[in-house]
Amino acid sequence: MESVTVFAGLQPNPATAHHQTLGPSGSLIKLLPSLLTDKRHFCAQPLKLQQSRFASFRVNDTANTVPVASPTSNVALELAEIDWDNLGFGFIPTDYMYIMKCAQGKNFLNGELQRFGNIELNPSAGILNYGQGLLEGLKAYRKHDGNILLFRPEENAFRLRTGAERMCMPSPSVEQFVEAVKLTILANERWIPPPGKGSLYIRPLLMGSGAVLGLAPAPEYTFLIYVSPVGNYFKEGLAPINLVVETEMHRATPGGTGGVKTIGNYAAVLKVQLAAKAKGFSDVLYLDSVHKRYLEEVSSCNVFVVKDNVISTPAIKGTILPGITRKSIIDVALSQGFQVEERFVTVDELLDADEVFCTGTAVVISPVGSITYLGKRVTYGSEGVGVVSQQLYSSLTSLQMGLAEDKMGWIVELK
């Protein structure tokens, strides 16, 4: 097991700290109770978590509790001490993370929950020297009845496996991925925001953790999941954002890794993104690197263009990440009678659109209020969020939060 340095303020009790190994389908685990801010509420007894029920925490006061639906208990769960009404999209350390390892050419086995904290890496690790790493992102929502909802986690698992094949990495099975996500959520349940206050952002990582000096796949790999409560990605929330079209620098090139969620895709956009934000823009929209006239995507979002009730989005062609929210919005739009086209979309069509919006796990849907291209600024609508953007946003978020019937079979409910 890799040694862990725990963040200050999250020190485990030496008398009770221990770990229990989990099999890839272990439905019963033992772990220490969540670390509570007020030590008066610390419970020294290990808790048992089952996939079919919530862990319950007994607390001495009810100032910061929510009801938890449990088939065997009506005990309330104490939430973390956070200003939920002003929750932004920033990292907040939680209680536990999940770690699973395997050697090159082997299969992932025996993952475990550990106290959240720093990890050790050899200076020659593949991820540090050659960028051999992938990331994913998904969210968990709390319902008013206390149940927890996950949105299409198997899609993230499939995408991770596709990316791992491209990056010469072994990957967990779909079942291992989904179970690990569930266990990590349940272990950090008190960090899930109350209904309507945000979500628990889940960040799975797959990295070459073994030492390698020459350019080659790493000999060992680590699958890790950590979580953080989050609010809106853009400070504007659902209010329209302002984008600038980048014409010289590119996020991805044909034959590269733009179509998988590898870590290098995101470092490449930082320089342009920082410059854009310094000028007052929310983010950057990139064009294709060959013709410099076809839309690709925003720094971490897919883009959609609406014209005469036809919704168009750039086709997935190897340089664009196949977003799960993108895929879901297409299906929701089709189910509501919209015509949806996946094709090459030119910058001229962008400037002539009735509406433009972005999609992604972090933003869900973010309407675009203006586009600036070659110094020319084009605005969309005069009353804020466009009709199509609002309709699709309401439909998808109602589904994700359990406020609408899941006719798509997309929701995984943790009971």
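Reading the values: rules and limits
- Residues numbered from 1 in each chain as written.
- Predicted model: local features only at pLDDT ≥ 70, side-chain atom pairs only at ≥ 80, totals over all residues.
- Heavy atoms only, no water.
- Phe/Tyr/Trp six-rings, centres within 6.5 Å; stacked < 30°, edge-to-face > 60°.
- Helix = DSSP H or I, 4+ residues; strand = E, 2+ residues; numbered from the N terminus.
- Buried < 20%, exposed > 50% of the residue type's maximum accessible area, 1.4 Å probe, protein only.
- 1 Å grid on protein atoms, 1.4 Å probe; cavity = no way out; pocket = protein on both sides within 12 Å on 5 of 7 lines; lining within 4 Å.
- Points joined across faces, edges and corners; volume = space filled by probe spheres on them.
- Nonpolar A, V, L, I, M, F, W, Y, C, P; charged D, E, K, R; others polar.
- pLDDT = per-residue confidence, 0-100.
- Contact = heavy atoms within 4.5 Å.
- Pairing = 2+ DSSP bridges.
- Right-handed = clockwise from strand over helix to strand, strands pointing away.
- Salt bridge = Lys/Arg side-chain N within 4 Å of Asp/Glu carboxyl O.

### Concerning the packing of aromatic side chains
Working step 1: Per the stated rule, a full pass over the model turns up nine aromatic pairs.
Working step 2: An angle of 75° between the planes, with centres 5.0 Å apart, marks the rings of F89 and Y233 as edge-to-face. Here Y233 lies in the loop between β13 (220-230) and β14 (241-246) and F89 lies in the loop between β5 (77-78) and β6 (96-103), a separation of 144 residues in the sequence.
Working step 3: Among the residues examined, F89 registers a relative accessible area of 30% and is labelled partly exposed.
Working step 4: When its relative accessible area of 30% is taken as the criterion, Y233 is described as partly exposed.
Working step 5: Seen in terms of ring centroids, F151 and W410 are 5.7 Å apart; in terms of plane orientation they differ by 90°. Their pairing is edge-to-face.

### Let's talk about the layout of surface pockets
Working step 1: Roughly 650 Å³ of volume is contained in the largest pocket.
Working step 2: Taken together, 31 residues form the lining of the largest pocket, with Y201, R203, Y233, S300 and A362 sitting closest to its centre.
Working step 3: Counting only elements with at least two residues in the lining of the largest pocket, the list comes to β12 (199-208), β13, α5 (270-278), α6 (324-335) and β20 (355-360).
Working step 4: A per-element tally of the lining of the largest pocket places β13 first, with four residues.
Working step 5: Grouping the constituent residues of the lining of the largest pocket by class yields 16 nonpolar, 11 polar and four charged.
Working step 6: Considered as a void within the structure, the second largest pocket measures approximately 370 Å³ in volume.
Working step 7: What lines the second largest pocket is a set of 24 residues, and nearest its centre among them are K139, G198, G231, N232 and Y393.
Working step 8: If you list the elements that add at least two residues to the lining of the second largest pocket, you get β10 (138-142), β21 (364-373) and α8 (387-400).

### Section: the confidence of the model for the protein
Working step 1: Residue-level pLDDT values for the protein average 84, and 81% of them are 70 or greater.
Working step 2: Note on residues 1-75: pLDDT is under 50 here. Beyond four places in sequence and across chains, it has 171 contacts.

### Remarks on the pairing of strand β18 (residues 310-314)
Working step 1: Of all five residues in β18, five are buried; the element is thus mostly enclosed.
Working step 2: Side chains V310, S312 and P314 project from β18 onto one buried face, and the interleaved I311 and T313 project onto a second face that is buried too.
Working step 3: When strand β17 (residues 302-307) meets β18, the two strands line up antiparallel, connected through three bridges. Within β18, the position partnered with K307 by the bridge is V310.
Working step 4: Where β17 folds back on β18, the antiparallel hairpin that results is connected by two residues, among which D308 adopts a positive phi of roughly 55°.
Working step 5: Once the chain exits β18 it traverses α6 before rejoining the sheet at strand β19 (residues 339-343), and the crossover so formed is right-handed.

### Considering the pattern of salt bridges
Working step 1: Per the stated rule, a full pass over the model turns up 16 salt bridges.
Working step 2: A salt bridge links D95 to R190; the nearest nitrogen and oxygen atoms lie 2.9 Å apart. Residue D95 is found in the loop between β5 and β6, and its partner R190 is found in the loop between α3 (174-187) and β12; the two are separated by 95 residues along the sequence.
Working step 3: With a relative accessible area of 1%, D95 lands in the buried category.
Working step 4: With its nearest N and O atoms 2.7 Å apart, the salt bridge here joins R343 to E349.
Working step 5: Owing to a relative accessible area of 27%, R343 belongs among the partly exposed residues under this scheme.

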